[in-house]
Amino acid sequence: MVKNVGVLALQGGVAEHVAMLESLGTHVVGVRKPEQLTGLDALVLPGGESSTIDRLTRVLGLREPLIEAISAGLPTLGTCAGLIMLSREITDPAPGQQSLGLLDVAVDRNAFGSQVASAETVLDWDDGTGHPRQVKAAFIRAPRVASVGEGVTVCARYRGEIVGVRQGNLLGISFHPELTDDTSIHKELLALA
Ligand code: GLN
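What you see is a predicted model, and the numbers here were worked out from it, not measured in a lab.

Attention shifts here to the overall build of the protein. In terms of helices and strands, the protein carries six helices and 12 strands. A compact globule built from 193 residues would reach a C-alpha radius of gyration of about 16 Å, and the protein, at 15 Å, matches this within 12%. Taken over the C-alpha atoms alone, the protein extends approximately 40 × 40 × 30 Å along its principal axes. Looking at the 193 residues of the protein, the share that counts as buried comes to 53%. Look at the contacts in the protein between residues 6 or more apart in sequence, and 64% of them connect residues 24 or more apart. Averaging the positions of the 16 positive and the 22 negative side-chain charges in the protein gives two centres separated by 3 Å.

Time to look at the site of the ligand. For the ligand, the full set of nearby residues is Gly 47, Gly 48, Glu 49, Ser 50, Cys 80, Ala 81, Ile 84, Arg 109, Asn 110, Ile 140, Arg 141 and His 176. Between an oxygen atom of the ligand and a main-chain N or O atom of Ala 81, the distance comes to 3.0 Å. For the ligand, the protein covers 98% of the area, taking 300 Å² as the surface of the free molecule.

Thresholds applied
Residues numbered from 1 in each chain as written. Predicted model: local features only at pLDDT ≥ 70, side-chain atom pairs only at ≥ 80, totals over all residues. Heavy atoms only, no water. Helix = DSSP H or I, 4+ residues; strand = E, 2+ residues; numbered from the N terminus. Rg over C-alpha atoms; globule rule 2.2 N^0.38 Å. Buried < 20%, exposed > 50% of the residue type's maximum accessible area, 1.4 Å probe, protein only. Contact = heavy atoms within 4.5 Å. Lys, Arg positive; Asp, Glu negative; His and termini not counted. Charge placed at Lys NZ, Arg CZ, Asp CG, Glu CD. Near = heavy atom within 4 Å. Polar contact = N/O pair within 3.5 Å; in protein donor to acceptor, adjacent residues only side chain to side chain. Areas by Shrake-Rupley, 256 points an atom, 1.4 Å probe, with all protein chains shown as cover.

As structure tokens, this is what we get:
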């Protein structure tokens, strides 16, 4: 059966995720309203500017429905700003910025980004399921994961910093797979769906 995948479509790199997910044969829904969260098999929170995405989710009444759907088990991939949105704690938030508090990690929005403004590389990825692999990764003003809670698996590091994590139905990555030709992270999300 064709899977329904939502991409939060408020700001940022939405089109690239949509294209990659469609290339994998899924039906993609650009999520701008709470009712569009109904009937999804998986969800992507894209990169962009996390403080803007946060503000828009609250203005549009999406914050609580997102928290509800993801905590109920909806497989969710957060890339870059999407990882920041998923996190329990932002060490350096913009004034008034909130995260969804679902992924048990603390993130630095800018610490890592200022060291590596933009780069494309290949990372070792191991999500603990016994199939380690390499993934292509593009970094753009990337956040880093400063600390992780007990239930979180560290899947990838870049220059010693944690840039990929998994916790149950949640995948959080600092980088942008949708800007490369590597579909393996999206396939991993669909495997959870
Ligand atoms: N550092 C950005 C933020 O705070 C994220 C950058 C990105 O998503 N490419 O949202």
